[in-house]
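Inside the fold
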Amino acid sequence: MASAFWTLEDGRGFARRWSGMACILELITDELKNIAGAEDFYNYLEWFVIREDDGDEYNDFGGFIRNDENIMFDIDLRTFTPINRAYFWEATQKALIKLKMQKNENNEGIIFLLTTLLDMHKRIKKGENPMELNDMSTIEPEPSEKLGPGWK
């Protein structure tokens, strides 16, 4: 059962188990820190990453607890600036390439998740109906929030 939800640019949803979402978010941020110009976005997004050495605990409902604060894996990409979304997709592609190059059978599940996520992004760029390859039965309305660095 899905317990973490990401809303993509056209309102379609990407939803998976929190453990898979935690893993791909970690991989994406690992790549973000190496993209010139993405440093502030990396620092922002890193807060939502659970790392083994941090001493954080999973909260058993789609996130984790850090310093007595529940941090959820739910993300709406539309709340980020366009440049930060571009960094996000570039980092996602780089994470997928890196995993594929490792040729490790243990990575197949995560490769599938990253491939699906990137396929969803490709469909958005083509202007496909958001209900196609949508893990939720609705299109999420446009958020009013503006999160992360870069907003004026």
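Just so it is clear, the model here is predicted, and its values are computed rather than measured.

**Description of the overall build of the protein chain**
- Each helix and strand in the protein chain was counted, giving four helices and six strands.
- Helices (α) and strands (β) of the protein chain occur, in sequence order from the N terminus, as β-β-α-α-β-β-β-β-α-α.
- In summary, the protein chain has a C-alpha radius of gyration of 15 Å against a globular reference of 15 Å for 152 residues, a match within 12%.
- Principal axes of the C-alpha set define a box for the protein chain whose edges measure 40 × 40 × 35 Å.
- For the protein chain, contacts bridging at least 24 residues in sequence account for 59% of all contacts bridging at least 6.
- When the accessible surface of the protein chain is split by element, carbon and sulfur atoms take 50% of a total near 8,500 Å².
- The positive charge centre, built from 18 side chains, and the negative charge centre, built from 28, are 9 Å apart in the protein chain.

**Focus on the pairing of strand β2 (residues 13-16)**
- Here β2 shows no split at all, with Gly13 and Ala15 on one side and Phe14 and Arg16 on the other all buried.
- The pairing of strand β1 (residues 4-7) with β2 spans four bridges and is classified as antiparallel. The partner of Trp6 across the bridge, within β2, is Phe14.
- Between the end of β1 and the start of β2, which pair antiparallel, lie five residues, with Gly11 showing a positive phi angle near 90°.

**Some details on helix α3 (residues 82-102)**
- With 21 residues, α3 should reach 30 Å at 1.5 Å per residue; the first-to-last C-alpha distance of 31 Å fits that figure.
- Those residues of α3 that are buried are in contact with β1, α1 (18-32), α2 (39-46) and α4 (108-125).
- Downstream of α3 by a residue or two, Lys103 has a phi angle that is positive, lying close to 50°.

**Some remarks on the packing of aromatic side chains**
- In the structure shown here, the tally under the stated rule is six aromatic pairs.
- Centroid distance Trp6 to Phe14: 6.0 Å. Interplanar angle 50°. Geometry classified as tilted.
- Phe14 sits in the buried class, given a relative accessible area of 0%.
- Plain terms: the ring middles of Tyr44 and Phe80 are 6.0 Å apart, the flat faces sit at 80° to each other, and that makes the pair edge-to-face. On the criterion of sequence distance, the pair formed by Tyr44 in helix α2 and Phe80 in the loop between β6 (75-76) and α3 is long-range, its members being 36 residues apart.
- The exposure class assigned to Tyr44 is partly exposed, which follows from its relative accessible area of 23%.
- In this structure Phe80 comes out as buried when scored by relative accessible area, which is 3%.

**As for the confidence of the model for the protein chain**
- On average, residues of the protein chain carry a pLDDT of 91, and 96% of them reach 70 or more.
- Within the protein chain, strand β3 (residues 57-58) has the poorest average pLDDT of any element, 72, and α3 the best, 97.

**Quick notes on the sheet that holds β1**
- Overall, mixed pairing links the three strands, which are arranged β2-β1-β6 in an open sheet. On the outer flanks of this sheet lie β2 and β6, each paired with one strand and no other.
- Two strands pair when backbone bridges link them, and β1 and β6 are joined in this way by two bridges, in the parallel orientation. Counterpart to Thr7 in the pairing with β6 is Asp76.

**Brief notes about the nonpolar core**
- Counting 41 residues, the largest nonpolar core has Trp6, Ile24, Leu32, Leu45, Phe73, Phe88 and Leu117 as the members making the most contacts within it.
- The residues touching Leu117, leaving out its near neighbours within four places in the chain, are Trp6, Leu8, Phe14, Ile24, Ile28, Phe88, Trp89 and Thr92.

Rules used in this analysis
Residues numbered from 1 in each chain as written. Predicted model: local features only at pLDDT ≥ 70, side-chain atom pairs only at ≥ 80, totals over all residues. Heavy atoms only, no water. Helix = DSSP H or I, 4+ residues; strand = E, 2+ residues; numbered from the N terminus. Rg over C-alpha atoms; globule rule 2.2 N^0.38 Å. Contact = heavy atoms within 4.5 Å. Areas by Shrake-Rupley, 256 points an atom, 1.4 Å probe, with all protein chains shown as cover. Lys, Arg positive; Asp, Glu negative; His and termini not counted. Charge placed at Lys NZ, Arg CZ, Asp CG, Glu CD. Buried < 20%, exposed > 50% of the residue type's maximum accessible area, 1.4 Å probe, protein only. Pairing = 2+ DSSP bridges. Expected span 1.5 Å × (residues − 1). Phe/Tyr/Trp six-rings, centres within 6.5 Å; stacked < 30°, edge-to-face > 60°. pLDDT = per-residue confidence, 0-100. Core = buried A, V, L, I, M, F, W, Y, C linked by side-chain atoms within 4.5 Å.

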